[in-house]
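Here is what each chain is made of, one letter per residue.
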Amino acid sequence: MRSAVCVITLGVLLSRVQAFVPVGGGGNTHVTITGDAVMNKVYKVCKAVAESEGREFKPTGSSVEELLRACLGSATGQVSAAKFREALNQIYMQNGMVDRDFMSSDRHHFNSETFTEGRALITQGMAAIKANIRNGNFQAARETLGRVLHTLQDFYSHSNWVELGNKKPYPNLIRPDLTISNVADVNTPTCSDCASGTCSNPLLPAIVNEKKLTSGYMGLFSANKPKGKCSHGGDADLSSTQNPRGGINKDERRAHNADLHNTAVAIATEASLHLLEDIQGAAGNKDYLRLMGIARSAVLCFVIDTTGSMADDIAEAKRVAHNIIDSKKGTQDEPSEYILVPFNDPQFGPLIRTTNPDVMKAEIAKLGASGGGDIPEMCLSGLQLALTGAPASSHIYVFTDAPAKDTHLEKTIIALIRSTKSTVSYFMTPGKRSARAVRDEVPSIFQLYYDLALASGGQAIEVSKAQLPSATDIIADTSTSALVTILQRARNPGRIESFPFLLDASVSNVTAYITGHSLKFTLRSPSGVSQSNTASTGSLAVIQTVGNLRRIQFSSPIETGLWNISIESTLSYAIKVTGQSAITFIYNFVEEFIGPHPGYAAIEGRPQTGLPAKLMLTVTGQKGAEALKIQEVALVEVSGTRVAVGNTQQMGGGDFLVTVSEVPEGEFVVMMKGEETATSSRFQRQSTTQMSLSKVIIKATVDSTLLPGEDFKLPFIVTTNGTGGTYTISARNDRDIPLTYNTKLNLVPGVSAESTVTLKTPANTPSGTDITLTIAAEGPGGSDSNYAVLHLSVLAKMTDITPPVCEITGVSGICPSDCTQSTWDLSVNITDGNGSGIETISIQEGRGNFSQKTVVNGGITVVMGNYSASCCSPDVTLSIVDKEGNVGKCSYSVEKSGGVTLSLSLSLWACLLVSTLNTLWDVKRVC
């Protein structure tokens with residue numbers, strides 16, 4: 001039994017996260033529970049946002065894509081669900097990793113009556129999520145959210161909450177101001193013996209009658225448990241063979257526990273929804289949607305060299321940014337966020353992030369060119385900030401006229417590119433100060449930039465400063481919604497070769513880019529029409545040449561079918577074909593893990609050599625995944641001709657498990673081909689980030705947040721199935737936080753070696769700061785390497801755990817049946833008592849106006865607010881957030897009739913009752 005998800009259904013991979021059923025089973029899992037709650041909340045928030053903007057919210061169908069189009073508004077442009085699916089996958093994967101990384105941790109699963117400890121994980125995690133969102137660190141927030149939801153959901157399956165007759169969630173689990181009460185102590189027997197192991201309810205009558213809270217003991221390595229205690233149960237639980245035998249878990253629906261399982265799932269879903277509602281209240285509607293990956297387009301991210309010779313380049317970056325901001329405002333292509341990172345020498349940063357286009361304009365306008373006596377600059381340091389600060393799958397544009405000084409960061413940058421799947425494009429303008437170096441050095445002093453651009457799927461564009469304005473059209477091309485890559489290849493050295501690619505009916509704004517010197521090419525359509533590079537304007541495309549870049553804009557309408565580009569050159573070149581389409585895919589390389597609740601976990605670094613590569617691949621399209629037929633998924637060499645086709649297993653809802661037995665030895669990308677069933681139009685899509693295999697494995701687990709001013713120890717394990725010997729360890733982070741670790745580690749093939757990185761977080765580190773830590777291990781002689789990228793969060797100790805209080809003090813206005821002719825008003829008093837103070841008051845639901853004034857009453861600050869709305873907007877929810885992220889709410893409904901009906905939550909009735917018996921300022925409750 002699942003909670004309703006309005007008109008939206010969510011197809012999910014049932015074997016991804018398995019705490020409710022084993023691998024390969026069906027039914028209810030952490031994924032289905034989380035997915036139902038997430039979609040329910042997204043639907044409600046999208047509807048509230050649409051109402052607040054005065055527009056209708058009417059999805060045209062049941063697909064996620066159609067929901068997103070209705071959510072984002074009627075602005076023109078393609079809408080892709082890729083970022084939303086990516087956000088969901090980050091939540092799902094971290095949820096599943098709790099079963100792998102914390103398999104034997106009782107508190108992560110509420111096993112063995114660890115209620116206080118498990119509740120602490122949830123409340124501390126929620127505080128970290130809210131702090132991360134306030135700082136714009138959405139990926140760190142998603143990862144923590146996945147782990148927290150797992151623990152919360154396990155409470156209802158692993159404890160006796162359901163057996164005690166409860167039909168609703170336990171609110172104390174997500175409220176830090178409340179405590180867990182009436183827990184059976186360690187000496188209290190809780191279960192009777194169940195020889196068959198399939199008793200429907202083995203709890204002792206005294207436990208049920210006294211409403212004592214208990215949970216099963218899990219014996220993974222020992223059968224021992226306290227006398228008389230319930231076991232978790234199942235084949236992996238050794239304690240279930242000891243009296244009292246059996247178990248009380250409701251992970252899987254069985255004949256003996258079907259009703260209990262169904263109830264546990266329903267309550268776990270509702271509890272997940274309550275947790276998401278609390279986070280939404282703290283974040284606000286817009287940031288909550290950004291947390292879920294729902295935004296019009298990708299970010300616009302600039303990394304700009306500000307040394308003395310860069311005045312012309314900075315002016316061009318300003319022009320481009322202003323043009324994109326102005327021309328795309330109000331469209332689906334309007335950037336959802338703007339990021340700017342300046343760099344010089346020795347300074348770089350800070351990273352400037354804003355959702356306000358006018359702020360971005362002002363920040364770029366502040367840039368000036370100065371300094372830079374020697375040639376190399378801190379380019380990679382600036383790029384590192386951008387890669388860790390921008391959302392995953394971002395497009396990052398680097399402007400520079402000098403090589404990098406900080407080349408020691410190369411492996412860190414490649415690790416971050418692979419981890420984030422972001423695309424980095426370089427605009428290189430060799431100036432006078434580097435002209436001598438360009439003449440004297442072979443290969444180019446910019447070779448590192450070419451390598452990084454290729455690794456990420458970006459472009460390396462080398463032009464004169466005078467040509468730069470003609471080259472930056474590529475930024476406008478790629479700053480679009482629903483951008484997809486259809487083909488990308490590179491050849492070094494160059495050769496004569498033809499590159500076929502499919503264009504389907506869903507693709508628009510097709511553009512090809514060829515970078516290289518001294519080359520010729522011919523474009524050929526499916527019907528056999530050709531156009532060579534010498535024809536700048538032809539029947540097939542408009543060709544623009546600037547520096548080493550050829551930009552080929554395909555003419556509309558696009559002929560569907562198999563196209564071809566033939567290239568002739570002996571020098572290195574790269575080709576990329578892009579377009580706009582809702583049909584795309586996202587993927588993760590994964591590994592299967594075993595245990596009581598087996599599943600799949602994302603591989604943080606490079607997949608392991610010698611094993612089949614496994615991918616979790618999610619397909620999305622305008623009408624949903626069911627309108628697409630996937631025909632082939634393969635790993636394709638970017639600089640070679642090898643194509644390794646995988647075995648594709650459909651898992652439902654657009655999810656596929658792909659197994660590739662023979663993986664290319666070099667760098668490769670993922671290629672998908674299929675057919676849109678309604679039009680029989682064949683399509684192909686390609687990932688851009690290059691990946692390769694490694695014999696080295698690094699594993700590290702994030703277990704908690706960091707406290708400002710205190711050392712944080714992060715253990716990690718390194719293993720190799722290749723060459724043994726001394727491995728070089730390097731650890732870096734994007735916040736310049738001091739690290740200590742052993743730089744050498746001796747490895748024996750097949751034997752794991754343990755080590756630790758200690759982070760010394762400064763005492764003044766703000767709460768909510770995220771730290772991206774990269775740990776790399778490199779074999780003897782640099783023969784092989786791998787990495788792990790981890791997202792850590794800093795969270796200061798909370799001094800205020802009590803939510804603000806909202807009291808409704810008056811209502812005026814009666815709404816008749818014809819709502820268009822009347823208005824109504826609501827008056828409230830809001831206080832935080834002696835807490836941290838009110839930070840924000842927002843309209844979470846409703847289309848009206850809120851005004852406020854602040855007074856001091858008896859030393860307590862009181863916000864007196866008034867909400868006014870049309871009777872056509874009869875519902876309102878005010879969200880009040882204090883400076884610690886605690887959320888209080890006021891909800892009110894006016895029915896469209898001759899009278900007024902007050903609809904209040906139980907917590908609000910409690911507040912109002914208390915306020916009549918005592919003064920409001922002496923009591924802190926959520927209203």
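(A) Geometry of unusual backbone geometry. Here the amide bond leading from aspartate 345 into proline 346 is cis, since omega sits at 10°, within 30 degrees of zero. Relative to the helices and strands, proline 346 is located in the loop between strand E2 (338-343) and strand E3 (352-354). Residue serine 556 is joined to proline 557 through a cis peptide bond whose omega torsion reads 0°. Mapped onto the elements of the fold, proline 557 is located in the loop between strand E13 (549-554) and strand E14 (561-568).

(B) Examining the sheet that holds strand E27 (residues 725-733) more closely. Strand order in the open sheet formed by four strands is E29-E27-E31-E32, with antiparallel pairing between adjacent strands. Of all strands in the sheet, those bounded by a partner on one side alone are strand E29 (744-747) and strand E32 (785-793). Averaged over neighbouring strand pairs, the angle between their axes works out to 25° when direction is ignored. Of the strand pairs in this sheet, E27 and E29 are connected by four bridges, and their pairing is antiparallel. Opposite threonine 726, over in E29, you have asparagine 746 as the bridge partner. Contacts between helix H12 (residues 410-420) and the sheet are confined to E27, strand E31 (770-778) and E32, with E32 contributing the most and set at about 70° to the helix.

(C) Region of the structure containing the pattern of salt bridges. As enumerated under the stated definition, the model contains 35 salt bridges in all. Notably, a salt bridge pairs arginine 254 with glutamate 252, separated by 3.2 Å at the nearest N-O pair. Classification of arginine 254 by relative accessible area gives partly exposed; the value is 45%. Measuring nitrogen to oxygen at the nearest pair gives 2.8 Å for the salt bridge that ties arginine 735 to aspartate 770. Taken together, the positions of arginine 735 in the loop between E27 and strand E28 (739-740) and aspartate 770 in strand E31 put the pair 35 residues apart, joining distant regions of the chain. On the basis of relative accessibility, which here comes to 7%, the residue aspartate 770 falls in the buried class. A cluster of three or more residues bridged by salt bridges with shared partners is formed by Arg100, Asp101, Glu591 and Lys699.

(D) Examining the packing of aromatic side chains more closely. Applying the stated criterion to the full structure yields 21 aromatic pairs. Taking the centre distance of 6.4 Å and the plane angle of 70° together, the rings of phenylalanine 501 and phenylalanine 554 count as edge-to-face. Of this pair, phenylalanine 501 sits in strand E8 (residues 497-503) while phenylalanine 554 sits in strand E13, and the two are 53 residues apart along the sequence. Comparing phenylalanine 501 with phenylalanine 554 shows no difference in burial state: the two are buried. Following the ring pairs from residue to residue traces out a cluster consisting of Phe110, Phe115, Phe155, Tyr156, Trp161 and Tyr170. Directly above the ring of tyrosine 587 sits lysine 421, whose terminal nitrogen or CZ lies 4.8 Å from the centroid.

(E) Quick peek at the sheet that holds E8. One open sheet accounts for four strands, arranged E8-E14-E10-E11; its pairing is antiparallel. Two strands in the sheet have a free side with no partner beyond their single neighbour: E8 and strand E11 (530-532). Strand-to-strand twist across the sheet, computed as the mean angle between neighbouring axes with direction ignored, equals 20°. Sheet analysis places strand E10 (residues 520-524) next to E11, joined by three bridges and oriented antiparallel. Within E11, the residue paired with threonine 522 across the bridge is serine 532.

(F) A look at the side chain of threonine 758. Within the secondary structure, threonine 758 is located in strand E30 (residues 753-760). Relative accessible area serves as the criterion here: at 8%, threonine 758 is assigned to the buried category. Beyond its immediate chain neighbours, meaning those up to four positions away, threonine 758 contacts Asp711, Phe712, Lys713, Pro738, Leu739 and Thr740.

Cut-offs and rules
- Residues numbered from 1 in each chain as written.
- Predicted model: local features only at pLDDT ≥ 70, side-chain atom pairs only at ≥ 80, totals over all residues.
- Heavy atoms only, no water.
- Helix = DSSP H or I, 4+ residues; strand = E, 2+ residues; numbered from the N terminus.
- Pairing = 2+ DSSP bridges.
- Axes fitted to C-alpha atoms, helices over the stretch in contact; angles between N-to-C directions.
- Contact = heavy atoms within 4.5 Å.
- Salt bridge = Lys/Arg side-chain N within 4 Å of Asp/Glu carboxyl O.
- Buried < 20%, exposed > 50% of the residue type's maximum accessible area, 1.4 Å probe, protein only.
- Phe/Tyr/Trp six-rings, centres within 6.5 Å; stacked < 30°, edge-to-face > 60°.
- Lys NZ or Arg CZ within 6 Å of the ring centre and 35° of its normal.

Geometry only, nothing functional implied.
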